[in-house]
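Residues per chain, in single letters:
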Amino acid sequence: MSDMKLAIMGASGRMGRELIRAVHEAEGCIVAGGTEAAGSDAVGRDLGELAGIGALGVAVTDKPLELFAGIDGILDFTLPAATVSFVELAAQARIVHVIGTTGFTVEDENKIEAASRHSTIIKAGNMSLGVNLLTALTKKVAKALDEDFDIEVFEMHHRHKVDAPSGTALMLGEAAAEGRGIDLEKRSVRSRDGQTGARKSGDIGFAALRGGSVVGEHTVIFAAEGERLELTHKAADRGIFARGGVKAALWGKGKSPGLYSMMDVLGL
């Protein structure tokens, strides 16, 4: 079986460069292309040189439609507007689309779901094995503990992150809500300031911190009278997300069109 031809969206960014390295190092796939916005200084540059691994003979392009016609899948950790445009093109090309982008609106999510009728989409707020295990544990613990245990989700990321709460925090909150059998949108508390009154039993709270170069820290807190349980994951290397994305792409090769998650990839 031939190697899977993968392209990296937003190739010159921090995650883009990590993804180039991850694809290059992985077995069963090759770096077949990469994109950047028109006018970017990265357009025309060699992907391998961008990632510091030596020339690969593959240049960055600003024409995704032409690129998608000759590849098997894309790795997309960009921005919501870019991802929504890519998802429509990937659906036309019938290729695998791995989405690690976060911060989507409801309208964006609807477009992604519509595209999944024609292409294989693997989408997750976090691609790491550890975080997805944390998500599974969060759901189980939330189901086991009643509303005497308040649930709070804490996250911290680097100063450059533009959305809050993080996609991972929302994924963890959704897992807790599913475990409790409640609707997260109706029971989510995103901010507290001033005279907020006492905490409502059954709510799921979120706290977001930004600073420095923190790759990602997430903790789900279950707090009751006299005791507290905390489930924590700390990422020290952005490469774990890139390697997870590559694993997802390889898993998606040959799969039927649909919207999948890392839980599907990992058999969780």
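Since the model is a prediction, treat every value here as computed from it, not as a measurement.

What counts and what doesn't
- Residues numbered from 1 in each chain as written.
- Predicted model: local features only at pLDDT ≥ 70, side-chain atom pairs only at ≥ 80, totals over all residues.
- Heavy atoms only, no water.
- Buried < 20%, exposed > 50% of the residue type's maximum accessible area, 1.4 Å probe, protein only.
- Helix = DSSP H or I, 4+ residues; strand = E, 2+ residues; numbered from the N terminus.
- Pairing = 2+ DSSP bridges.
- Right-handed = clockwise from strand over helix to strand, strands pointing away.
- Phe/Tyr/Trp six-rings, centres within 6.5 Å; stacked < 30°, edge-to-face > 60°.
- Lys NZ or Arg CZ within 6 Å of the ring centre and 35° of its normal.
- Axes fitted to C-alpha atoms, helices over the stretch in contact; angles between N-to-C directions.
- Parallel < 35°, antiparallel > 145°, perpendicular 65-115°, else oblique.
- Left-handed = near helix turned anticlockwise from the far one by under 90°.
- Contact = heavy atoms within 4.5 Å.
- Nonpolar A, V, L, I, M, F, W, Y, C, P; charged D, E, K, R; others polar.

Participant: Any details on the pairing of strand β1 (residues 4-9)? Residues and values, ideally.
Facilitator: Among the six residues in β1, five count as buried, and that is most of the element. Where β1 and strand β2 (residues 29-35) come together, six bridges link them in parallel fashion. Following the sheet pairing, Met9 is matched in β2 by Thr35. Handedness of the β-α-β unit built from β1, helix α1 (residues 14-25) and β2 comes out right-handed. Examined bridge by bridge, β1 and strand β4 (residues 73-76) share four bridges and lie parallel to one another. Paired with Leu6 across the bridge in β4 is Gly73.

Participant: Break down the sheet that holds strand β5 (residues 96-99) for me, with residues and values.
Facilitator: Overall, parallel pairing links the seven strands, which are arranged β3-β2-β1-β4-β5-β6-β12 in an open sheet. Here the strands that pair on one side only, and so sit at the sheet edges, are β3 (60-61) and β12 (258-260). By the bridge criterion, four bridges tie β4 to β5 in an arrangement that is parallel. Looking at the pairing, Asp76 lines up with Ile99 of β5.

Participant: So what about the packing of aromatic side chains? Which residues, and what values?
Facilitator: A ring pair, where both rings are aromatic, is described by two values, the distance of the centres and the angle of the planes. The full count for this structure, using the stated rule, is two aromatic pairs. Ring centres of Trp251 and Tyr260 lie 5.2 Å apart, and the angle between their planes is 80°; this geometry places the pair in the edge-to-face category. Over the ring of Phe206 we find Arg190; its NZ or CZ atom is 5.4 Å from the centre of that ring. For the cation-ring pair, Lys255 lies above Trp251, with the distance from its terminal atom to the ring centre recorded as 4.4 Å.

Participant: Outline the packing of helix α4 (residues 80-93) against helix α5 (residues 106-115), supporting the account with residue identities and numerical values.
Facilitator: Angle between the axes and distance between the axes are the two parameters that describe a pair of packed helices. Put simply, α4 and α5 touch, their axes get as near as 9 Å, and they point 20° apart. Between α4 and α5, the interaxial angle falls into the category roughly parallel. Considering how the two elements wind past one another, α4 and α5 form a crossing that is left-handed. Counted together, Pro80, Val84, Val87, Glu88 and Ala91 of α4 and Asp108, Lys111, Ile112 and Ala115 of α5 form the full contact between these two elements. The class makeup of the residues in the contact of α4 with α5 is six nonpolar, no polar and three charged.

Participant: Give me the lowdown on the pairing of strand β6 (residues 120-123), citing residues and values where you can.
Facilitator: For β5 and β6, the ladder comprises three bridges, and the chain directions are parallel. Across the sheet, residue His97 finds its bridge partner in β6, namely Ile121. At this point the chain moves from β5, through α5, to the parallel β6, and the crossover so formed is right-handed. Where β6 meets β12, three bridges bridge the pair, whose relative direction is parallel. Its bridge partner being in β12, Ile121 is matched across the sheet by Leu259.

Participant: Which residues make up the sheet that holds strand β7 (residues 150-157), and what are the values?
Facilitator: What the five strands build is an open sheet, ordered β8-β9-β7-β10-β11; its pairing is mixed. Both edges of this open sheet fall to β8 (188-189) and β11 (227-235), since each of them pairs with a single strand only. Across two bridges, the pairing between β8 and strand β9 (residues 204-210) is parallel. Bridging across to β9, Val189 finds its partner in Gly205. Here helix α6 (residues 129-144) sits on the sheet and contacts β7, β10 (216-224) and β11; the angle it forms with β11, its principal contact strand, is near 165°.

Participant: Help me get a handle on unusual backbone geometry, residues and values and all.
Facilitator: In the segment running from Ala164 into Pro165, the intervening peptide bond is cis, with an omega of -10°. Within the secondary structure, Pro165 sits in the loop between β7 and α7 (167-180). In this structure, Arg94 is a non-glycine residue whose phi angle is positive, near 60°. Inspection of the secondary structure puts Arg94 in the loop between α4 and β5. Owing to a relative accessible area of 55%, Arg94 belongs among the exposed residues under this scheme.

Participant: Could you give an account of the packing of α1 against helix α9 (residues 239-252), naming the residues involved and the relevant values?
Facilitator: At a minimum axis distance of 8 Å, the contact between α1 and α9 shows a crossing angle of 55°. On the basis of their axis angle, the class for α1 and α9 is oblique. Crossing hand, α1 versus α9: right-handed. Residues Met15, Glu18, Leu19, Ala22 and Val23 of α1 pack against Gly239, Phe241, Ala242, Arg243 and Val246 of α9. Taken together, the residues of the contact of α1 with α9 sort by class into seven nonpolar, one polar and two charged.

Nothing here speaks to function; it is all geometry.
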